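Overview (structure and organization)
Listed below are the residues making up each chain.
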Amino acid sequence: MNNSDSTQVKKPVVTFSNIPLDDEPPMPVFPEAPAPVIEPEVPADITVVGIQFKKGGKIYFFDPGNQTVNAGDEVIIDTARGPEYGFCAEGNHPVPAENVVQPLRPVIRVATDHDKRIRQEFKDREPAAFDTCQQKILEHKLDMKLVSAEYSFDGSKILFYFTADGRVDFRDLVKDLAAVFRTRIELRQIGVRDEAKIMGGLGICGRPFCCKQFLDDFQPVSIKMAKTQNLSLNPTKISGTCGRLMCCLKYEQDTYEALLKAAPKQDSLVNTCDGVGTVTEVNLLKESVKVRLESDPSSVKCYNNCDICVLRNGKGKKNDPPIPENLPPLPKPKEKKPEAEDITMFDESILGIYTSETPAEPAVRPERVERTDRTERTDCPERKKPQRTEQRREGQAERKPRPQRGEKSRGKDSQKPQKAQEKKSVPAPKAQAPAGNKEGGEHTGHKNNRRRHYRPRRSNQGGEKQS
């Protein structure tokens, strides 16, 4: 028992005398908070200029500084590859700070005549560089197609663009080109759409390529856009010169998607003013549908989207709710009156014809007034019209009608003398038949041979002397 008592732990006795009443309890110690970082205020708008490296290419923002650059000016700008030559597409204008990627590269200066001359000199060397590179590609037998060659502004680098189906090992080609031009050489592989943008040309619409004229960047285009717009899925009709889907399919895609949401699907069940029917055709642009009525399946009528009520959108399914029978037809839509034309004319009387409800009366022409101050001339004799005599009238009565086609006219032959008629009656002598004609008749080789006379040729037989 004594051992058990010695092992027990005694609880501490708490009395009021052990608690300090006059002293305040200790405060917890927290680590000091870091001082707030004051960021410099960013202006809401930043003044920039839009620069293009090629006309019709993508627009990049640059810092004009204290310079005033107008649209159409040629400038020298600072880039990661050194000074470059560019064209100003947009002059000094403010842009929200969120649309700008900092830091902006500065505009060095507006291009001078000396800068333009230097650029033109290197521009003239590009065809020769293109031909040299093309020759080296054939020597190395590389499977690649050269597209263009470009010199940098200061001539420190030549950039060659090419297309290829796969990866090309052109390390030996770069060494040969560097030995020829004695400058930096860069070969860049591009796609077929970039090739079409660089080369340019005419599309199937007859206009220049959109990518060459105004497109900054290529937007993704899918075959689904052609299906949405109800276009032919023939690749030759929806593909461009580059072999890819035409970029213009993207232009109207948003409009077609908005129209699809408001139009019923094919084979939908709708209620019209003529009864219930099934949608057979949907015209998105006109916002109308063609419906085959259940009461008269042989007839198909056209209705606007706002004049029908969709009972079932699309083909029927097993889980679709039942459609009530004997639905009353919708009320017929009211006929819209044609709106008054907005015409601006100076003549208010003509304008009143279009705006007034009552038809305008036709204009009354003033009556013609004869002049009374005119007098007849008495100094010249009166001209009398020649009167037809009775003989002339009798001659017209005796005139015979004109013979019809195919009949021989005998009026002229009767007036000729009798001797001339006798000469005509004498038969013409028959032409002698040629030697080759056994029957002895006329030669039928030509239609005029009946009037020709053939003489037999003299043959020199037996060595007789010709006189």
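So, a few notes on the structure that sits alongside this text. Here the residue numbering is sequential within each chain, running from 1 through the sequence in written order. Given that this is a predicted model, residues contribute local features only at a pLDDT of at least 70 and side-chain atom pairs are listed and counted only at 80 or more, while totals for whole chains, interfaces and linings are drawn from all residues. Neither water nor hydrogens contribute to the side-chain values; these are computed over all heavy atoms in the structure.

1. Structural notes on the overall build of the protein chain
Helix and strand assignments follow DSSP, with helices taken as H or I runs no shorter than four residues and strands as E runs no shorter than two, numbered in order from the N terminus. A count of helical and extended segments in the protein chain gives 12 helices and 13 strands. Relative to its full complement of 467 residues, the protein chain shows a buried share of 22%. Sequence-distant contacts in the protein chain: of pairs separated by 6 or more residues, those separated by 24 or more amount to 54%. For the exposure calls, accessible area comes from a 1.4 Å probe over protein chains only, and a residue counts as buried if that area is under 20% of its type's maximum, exposed if over 50%, partly exposed in between. In this analysis, two residues are considered to be in contact whenever any of their non-hydrogen atoms come within 4.5 Å of each other.

2. Some words on the nonpolar core
Residues M144, F160, L177, F181, I185 and L187 are the most contacted members of the largest nonpolar core, which totals 17 residues. Looking at this core, the elements with two or more residues in it are α2 (113-140), β6 (145-151), β7 (157-163), α3 (171-181) and β8 (184-189). For this core, the element with the most residues is α2, which contributes 4 residues. In this structure, L177 is in contact with C133, K136, F160, R182, I185 and L187, ignoring residues within four places of it in sequence. Think of a nonpolar core as a cluster: buried Ala, Val, Leu, Ile, Met, Phe, Trp, Tyr and Cys residues, connected wherever their side-chain atoms sit within 4.5 Å.

3. Some points on the sheet that holds strand β10 (residues 275-283)
Taken together, 5 strands build an open sheet; the order of strands is β12-β11-β10-β9-β13 and the sheet is antiparallel. Two strands bound the open sheet, and with one partner strand each, they are β12 (300-304) and β13 (309-312). Across the sheet, the mean angle separating the axes of adjacent strands is 45° when strand polarity is ignored. Here 6 bridges tie β10 to strand β11 (residues 288-293), and the two strands are oriented antiparallel to one another. Across the sheet, V282 pairs through a bridge with V289, a residue of β11. The pairing criterion for strands is at least two bridges between them, as found by DSSP. Note on geometry: axes are lines fitted to C-alpha atoms, helical ones only across the stretch in contact, with angles between N-to-C directions running from 0 to 180 degrees.

4. Examining the environment of K237
Within the fold, K237 resides in helix α7 (residues 235-238). Given a relative accessible area of 53%, K237 falls into the exposed group. When the C-alpha atoms of K237 and I204 are compared, they prove to be 8.6 Å apart, with 33 residues separating the residues in sequence. Apart from residues no more than four positions distant in its own chain, K237 is found in contact with I204, S232 and M246.

5. Observations concerning the environment of K54
Take K54: it is sitting in the loop between β1 (45-52) and β2 (59-62). Between the C-alpha atoms of K54 and Y85, which are 31 residues apart in sequence, the distance is 9.2 Å. Contacts of K54, omitting those with residues within four sequence positions, involve E150 and I198. Of the polar contacts made by the side chain of K54, one reaches the side chain of E150; its length is 2.5 Å. Between N or O atoms, a polar contact is any pair within 3.5 Å; within protein, one atom must be a potential hydrogen donor and the other a potential acceptor, and residues adjacent in sequence are included only when both atoms are from side chains.

6. Side note on the packing of aromatic side chains
The geometry of an aromatic ring pair is captured by two quantities: the separation of the ring centres and the angle between the planes. When the centres of two rings from Phe, Tyr and Trp lie within 6.5 Å, Trp using its six-membered ring, the rings pair. Their planes under 30 degrees apart give stacked, over 60 give edge-to-face, and anything left gives tilted. Across all of its chains, the model carries 7 aromatic pairs by this definition. Three or more aromatic residues joined by ring pairs make a cluster, and in this case those are F53, Y60 and F62.

7. Concerning the pairing of β7
Within β7, 7 of the 7 residues are buried, leaving the element largely enclosed by the surrounding structure. Residues K157, L159, Y161 and T163 line one face of β7 and the alternating positions I158, F160 and F162 line the opposite face, and both faces are buried. Two elements, β7 and β8, share 6 bridges in a ladder whose sense is parallel. Its bridge partner lying in β8, I158 is registered against I185.

8. Section: the pattern of salt bridges
Definition used for salt bridges: Asp or Glu carboxyl oxygen within 4 Å of a side-chain nitrogen of Lys or Arg. A complete count under the given rule lists 11 salt bridges for this structure. Measuring nitrogen to oxygen at the nearest pair gives 3.7 Å for the salt bridge that ties E281 to K290. On the basis of relative accessibility, which here comes to 41%, the residue E281 falls in the partly exposed class. Owing to a relative accessible area of 36%, K290 belongs among the partly exposed residues under this scheme.

9. Examining the environment of L104
With respect to the secondary-structure elements, L104 resides in the loop between β4 (82-96) and β5 (107-110). Counting along the chain gives 43 residues from L104 to F61, while the straight-line C-alpha distance between them is 7.2 Å. Setting aside chain neighbours within four positions, we find L104 in contact with I46, V48, F61 and D63.

10. Describing helix α4 (residues 192-199)
All buried positions along α4 are accounted for by R193, E195, A196 and K197. Residues of α4 that are buried make contact with β6, β7 and α5 (210-213). Of the residues trailing α4, G200 is marked for its positive phi of about 80°.

11. Things to note about the pairing of strand β9 (residues 269-272)
Where burial is concerned, the two faces of β9 agree: the one with L269 and N271 and the one with V270 and T272 are both buried. When β9 meets β10, the two strands line up antiparallel, connected through 4 bridges. Residue pairing in the sheet places T272 in a bridge with G275 of β10. Linkage of β9 to β10, two consecutive antiparallel strands, is achieved through a turn of 2 residues. Sheet analysis places β9 next to β13, joined by 3 bridges and oriented antiparallel. When the bridges of β13 are listed, L269 appears paired with R312.

12. Some remarks on α3
Among all positions of α3, only L173, L177 and F181 are buried. For α3, the angular spread of the buried residues around the axis is 50°, confining them to a single face. For α3, exposure combined with an orientation more than 90 degrees from the buried face picks out R171 and K175. Structurally, α3 contributes buried residues whose contacts are with α2, β6, β7 and β8. Looking one or two residues past α3, R182 carries a phi angle of roughly 55°, positive in sign. Of all possible arcs, the one meant is that of the directions from the helix axis to the C-beta atoms.

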